Every structure is written in structure tokens, then in C-alpha cells.
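Close look at the chain arrangement
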Amino acid sequence: MVVELWETVKETITAYTGLSPAAFFTVLALAFAVYQVVSGFFVSPEEHRPRSTEDYPQPEPLPPPVQLGEITEEELKQYDGSDSKKPLLMAIKGQIYDVSQSRMFYGPGGPYALFAGKDASRALAKMSFEESDLTGDISGLGPFELDALQDWEYKFMSKYVKVGTIQKNDGEGKESAEPSTNTGEEASAAAHEETPRSVEEKTEEATEKKDVANGDAAKEE
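Residues numbered from 1 in each chain as written. Predicted model: local features only at pLDDT ≥ 70, side-chain atom pairs only at ≥ 80, totals over all residues. Heavy atoms only, no water.

An unreviewed UniProt entry annotates the protein chain as Cytochrome b5 heme-binding domain-containing protein of Eruca vesicaria subsp. sativa. For the protein chain, the Subcellular location (unreviewed entry) comment in UniProt is given as "Cell membrane". (UniProt positions renumbered as here; feature names shortened; annotations may be inferred.)

Here it is in C-alpha cells:
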């Protein structure tokens, strides 16, 4: 089949050009070489020079992660990527990580942008994008969900730099409010206890004064 095709090609070349196949391909190669040489006179060398990596715009280097220490969840919201001058942060199980290097995923417009600036532990464990799951509360999760969350945590620990922790709300305000309530109750109870005494004392003083008055009156008589 191939031999027959080659014979047909040779006969066609000879019939249309009057040249042998060897002469035809030699002329074709020379014509291509002449074209390359001539085109080189009309094209600047810059267009033929292969573009190096310096010719392409390079992304600005990321600033080194800044340690924030302990911050509140409200303060963490400032690092959701809306301000390009601030690092992009995200928390898992109360631990805050700088995910600026993955801005394409966690930055504005990314598939996980709603997790940025929050502790998204519950959402990651359930792979949920519901607003109600964007919290660090992992109570009530099943073993498979906790395993999934553990995998996410390992990934973040190995890939990103930890820059802080979320301040825990230990209910000190409630505790501080309790003594004041007790004090008020105690004061109220003390007032209730002292009220009968004061009434009795006033009664006794009135009786004494009355007796004294009666005695004085008797003496005058």
C-alpha cells in the first residue's frame, strides 16, 4: 500500500514538474532556505528572540507573615481579603493561618472566599457553604466530619504559617455580673432584716420617751 502510494507521488511529481522526485525535494528545500534568509532582512531580531521570563509580568512578592497574637473574631473579619494591603487570614479550631499565598482560592471571587476572615471549622468539617456553619463551634459533629476537619487542619499546618489564635469568650462578664447581683440581693435581704429591728428600736425609743414624758409630767404634778 505504501509502495503504491509512493509510486503514485513520484509519477505525479514527474508529470507536473518534469523533475525527478529527488530534484523536486531538493528544489523545495532550497526554496524554504532562501525564504528564511530573505525574511530575516525584513523582521527585527527582537521578534525572533525567544521571550524570557523577564518579559512577562511577575507577581509582587508576598510580605512575610505578621504574628498577631490573640485577637477576637470581630478583629479577624478585617482580614477577609477585601483590603489588598492586609494579609488574608483564616482560622481552624481557633488557630489563625495566613493563606495569602492561596488568594486565588480564599480571596475575593475565589471558591472558598466566604471562609476568609472567619473560623470556618464547622463549614470545613461538613463541607458546607451555609452561613450558619461559618463558625468555630464543632459541637455535635460526627466522627467522619471530625476526621475531615482534622485533615484540613493538617493541611493548613503543613502549608501555611500560623499567625495567631482567636480569643476565647470564657464568660467573665457573666461571672463579674453575678457578684453584683448577689450583693444587691444581700443588701436587699439585709435591708429586710434590719427593717424589723429599726421598727422595734423606734418603738422602744418612743415608749421610753413616752415614759419619760409621763414621769416628767408626774413630777410636775
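Resuming the write-up.
With that settled, the discussion passes to the overall build of the protein chain. Check the secondary structure of the protein chain and you find 8 helices and 4 strands. Expressed as a percentage of the 221 residues in the protein chain, the buried residues total 20%. Across the protein chain, the fraction of contacts at a sequence separation of at least 24, relative to all contacts at a separation of at least 6, is 53%. Surface accessibility of the protein chain: about 16500 Å² in total, with carbon and sulfur atoms responsible for 58%. (Helix = DSSP H or I, 4+ residues; strand = E, 2+ residues; numbered from the N terminus. Buried < 20%, exposed > 50% of the residue type's maximum accessible area, 1.4 Å probe, protein only. Contact = heavy atoms within 4.5 Å. Areas by Shrake-Rupley, 256 points an atom, 1.4 Å probe, with all protein chains shown as cover.)

Attention now goes to unusual backbone geometry. Of note, the phi angle at Lys-93 is positive, near 50°, even though the residue is not glycine. You can see Lys-93 is positioned in the loop between strand S2 (89-92) and strand S3 (95-98). Look at Lys-93 and you get partly exposed, because its relative accessible area is 36%. Phi angles above zero are rare outside glycine, and Met-127 is one such case at about 50°. With respect to the helices and strands, Met-127 occurs in the loop between helix H6 (121-126) and helix H7 (143-159).

As enumerated under the stated definition, the model contains 4 salt bridges in all. Residue Lys-77 is joined to Glu-74 by a salt bridge in which the shortest nitrogen-to-oxygen separation is 3.5 Å. Taken together, the shared-partner salt bridges in this structure form one network comprising Arg-122, Lys-126 and Asp-133. (Salt bridge = Lys/Arg side-chain N within 4 Å of Asp/Glu carboxyl O.)

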